[in-house]
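Each chain, letter by letter, is given below.
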Amino acid sequence: MRLRRLVLISAVAVALGATLNAGAVAANGGQSDPSAQSLRTLAARHNLAIGTAVNMDALDDANDPKYRQLVASQFSTVTAENVMKWEVLEPTQGTYNWGPADELVAFAQKNHQKVRGHVLVWHNQLPAWLTDGVANGTISNTQLRDLLKKHITDVVKHFKGKIWQWDVVNEAASDPWDSPPAIHLKGFWAEHLGAGYIADAFRWARAADPNALLFYNDYNLEAFSDKGPSDKTFFVYNMIKQLRAQGVPVDGLGSQGHLGTQYGNYDTFQVKDALDAFSDLKLAVALTEVDARSQMTAGVLANDSNEINPRLQASAYNYSVLLQACLLNPHCISYTVWGFDDKHSWVPTWFTNPPEGLATLYDESYQPKKAYRMVQSDLLFAGPPFVLPRIPQTPRR
Ligand code: G3I
């Protein structure tokens, strides 16, 4: 008798639970729990690709399946954090190491993700044989230009048809704290080839893959300042405007979005104004490397919630400002974070004095932080009349 009664009570409880759950689902129009919706699912409502830079060592770590699972489930576009850079692709002149990058492309194809190629021309992470050759004079500037053309052509042809957006030229502009403070072209490539390397790079990339979208990518472009000589955003805006006037095939502007909570940073409309200026040049725009780091003060390191909470909330605010500005511009086609978890973020390695961290959407144990929930809710609540689906960019001839 007792067993039968237990079975009956259990059956009633299950039926009641199902009814309540059905009621909850019906209450919000038949949608399941919004907090369980992935970022890629919520972003797809706006035809927005949401992505992350991918650390291939972590993706390949059989002891850390959670990393791989989150890359696949949360994101609809991936960027090679390092494995498409020249020093990795061609560590020895003429010998290409395609493996890790091909693995990322295969992973993306398997998970129905688009790929951002990063990066064809940058003054960092160049192979030693190239920089040493230039330094010791065995590589002339003419030979250097030929080597750059070969690199771009070989790499873009190798991935032809598999790359949605290429970061063709990265961080070519100086910063206001450089000397002179007036913004100018900086770095290895400008020093040895002059300003013309930028137009060359875009033309060579277009010739190698006519269908890839070609981006200029840089940091500290989130907003205009005074549109004076030290305004980096205004310098890049005018540089791209001039390139387009010369028929150079620039399709998009990548605004990296590396922010720090210790700075004033911006509001949504300041960022919107900058994105709108670039899309008014008929460019697609994208947030390409978003993170919002904090100083790891003694209190933060001592796990003092009074020190940690304001920083986590300020980080969330910064993610939201960049996402809201992107959503307001229908030519903002992707929003990519530069690593999604604090365990694999580049920040602690690069900012050590004073130490910085807490920059990403997930904590060191893959628990969603305030920033994740902020991004999730922005995507959930956004909609017409001010937020409309993205307008796909086509390569500009
Ligand atoms: O792979 C080698 C490893 O074999 C070696 O043992 C180890 C120690 O020297 O270095 C490893 O390479 C490191 C690489 O990251 C992979 O972990 C390089 O030293 C290190 O310099 C490199 O840092 C990358 C940094 O760019 C280089 O400037 C970061 O991971 C990467 O997140 C960062 O990304 C850049 C974007 O490409 C452009 N925008 C800014 C952004 C942040 O700096």
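Residues numbered from 1 in each chain as written. Predicted model: local features only at pLDDT ≥ 70, side-chain atom pairs only at ≥ 80, totals over all residues. Heavy atoms only, no water.

1. Concerning the site of the ligand
- Lining the immediate surroundings of the ligand are 15 residues, of which Glu81, Lys85, His118, Glu171 and Glu289 lie closest.
- Within the side chain of glutamine 125, one N or O atom sits 3.5 Å away from an oxygen atom of the ligand.
- Within the contact set of the ligand, an oxygen atom lies 2.9 Å away from a side-chain nitrogen or oxygen of tryptophan 338.
- Alone, the ligand offers 790 Å² of accessible surface; in the complex the protein occludes 53% of this. (Near = heavy atom within 4 Å. Polar contact = N/O pair within 3.5 Å; in protein donor to acceptor, adjacent residues only side chain to side chain. Areas by Shrake-Rupley, 256 points an atom, 1.4 Å probe, with all protein chains shown as cover.)

2. Describing the state of the cysteines
- Applying the stated rule across the entire model yields 1 disulfide.
- One disulfide in the model links cysteine 326 with cysteine 332; its S-S distance is 2.1 Å. Between cysteine 326 and cysteine 332 the sulfur-sulfur dihedral comes to about -100°; the bridge is accordingly left-handed. The exposure classification of cysteine 326 matches that of cysteine 332, with both residues buried. (Disulfide = S-S within 2.5 Å. Buried < 20%, exposed > 50% of the residue type's maximum accessible area, 1.4 Å probe, protein only.)

3. Details of the side chain of glutamine 74
- Note that glutamine 74 resides in helix 4 (residues 65-74).
- Classification of glutamine 74 as buried rests on a relative accessible area of 9%. (Helix = DSSP H or I, 4+ residues; strand = E, 2+ residues; numbered from the N terminus.)

4. A look at the environment of serine 334
- Considering the arrangement of structural elements, one finds serine 334 in strand 9 (residues 332-337).
- By relative accessible area, serine 334 is classed as buried at 0%.
- When the C-alpha atoms of serine 334 and threonine 268 are compared, they prove to be 17 Å apart, with 66 residues separating the residues in sequence.
- Those residues within four positions of serine 334 in sequence are excluded, and the remaining contacts are Leu48, Ala49, Arg116, Trp164, Gln165, Val285, Ala286, Leu287 and Cys326. (Contact = heavy atoms within 4.5 Å.)

5. What about helix 7 (residues 128-135)?
- For helix 7, the full list of buried residues reads Trp129, Leu130, Gly133 and Val134. In an axial view of helix 7, the angular spread of the buried residues amounts to 125°, which keeps them on one side of the axis. (Arc of directions from axis to C-beta.)

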